[in-house]
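Descriptive analysis of the structure
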Amino acid sequence: AAQVKTLTQVAGPAGDPNGGEIKNVFVSIKRVTAPVAYWTGIWNTSVTDRFWINTNYNVAGGTWNYNIAAWEDGKTYLVEVYAEDKHGNTQTVLGTKQFVFDQTAPAGAVTSPADGSNVNALTAVVGTSVDASSQVSTVKIALQDFTSSEYWDDAQSKFTASGTPLWITVFSGAPSASVNWTYNK
């Protein structure tokens, strides 16, 4: 499912393929992650079937929207929508969108060398990265010499006075909740 970091409104287009006039657009919002609930103005766990809310429909623009900002971090949501024309005909196939609301940044740690240790030669940097909600698909590190403030340039295999971090990709692969990575140079 897609990940969303900020969301204050669900919205979309609505139209009648036969040229009719849309009268109403209804939306149902379900929190799929336990405890399962439908949005009724609050997250209501006692509602067990879709709860339809009439949205704000803009006839001239052919768009609808509904304001909601009560998402919970790390939860999965399902938004379903259907339109009704002025003759009472309703859309038979629901429009759907599922997503994870994720405001928690991934966490990462260098496990070797140990923090604060002094090393004469560095053969590897090892670490972990974790993101349970969205999962980790890429990890990048920057290596800095604190004495000179220079950053490691992986392409030149030396520290350079770039002034800004030179990011090195140490993991890029299938998304996972937890990734162990190693940089060897």
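Refer to the structure printed above.
Worth saying up front: this structure is predicted, and the values here are computed from it rather than measured. (Residues numbered from 1 in each chain as written. Predicted model: local features only at pLDDT ≥ 70, side-chain atom pairs only at ≥ 80, totals over all residues. Heavy atoms only, no water.)

Scanning the protein from terminus to terminus reveals zero helices and 18 strands. Computed over C-alpha atoms, the radius of gyration of the protein comes to 25 Å, more than 25% over the 16 Å expected from 2.2 N^0.38 for 185 residues, which places it beyond the range of a compact globule. Overall, the protein is about 80 × 35 × 25 Å in size when its C-alpha atoms are taken along their principal axes. Within the span of the protein, comprising 185 residues, buried residues form 31% of the whole. Contacts in the protein between residues at least 24 apart in sequence constitute 62% of all its contacts with a sequence separation of at least 6. In the form shown here, the protein has an accessible surface area of approximately 11,200 Å², with 49% of it arising from carbon and sulfur atoms. (Helix = DSSP H or I, 4+ residues; strand = E, 2+ residues; numbered from the N terminus. Rg over C-alpha atoms; globule rule 2.2 N^0.38 Å. Buried < 20%, exposed > 50% of the residue type's maximum accessible area, 1.4 Å probe, protein only. Contact = heavy atoms within 4.5 Å. Areas by Shrake-Rupley, 256 points an atom, 1.4 Å probe, with all protein chains shown as cover.)

Turning to the sheet that holds strand β14 (residues 144–145), a few remarks are in order. As a general point, the strands of a sheet are linked pairwise by backbone hydrogen bonds and lie either parallel or antiparallel. Read across the open sheet, the three strands follow the order β14-β15-β16; overall the sheet is antiparallel. The open sheet is flanked by β14 and β16 (158–160), the only strands paired with a single partner. Taken together, the two bridges between β14 and strand β15 (residues 150–153) define a ladder with antiparallel strand orientation. Residue pairing for β15: Gln144 is matched across the bridge by Tyr151. (Pairing = 2+ DSSP bridges.)

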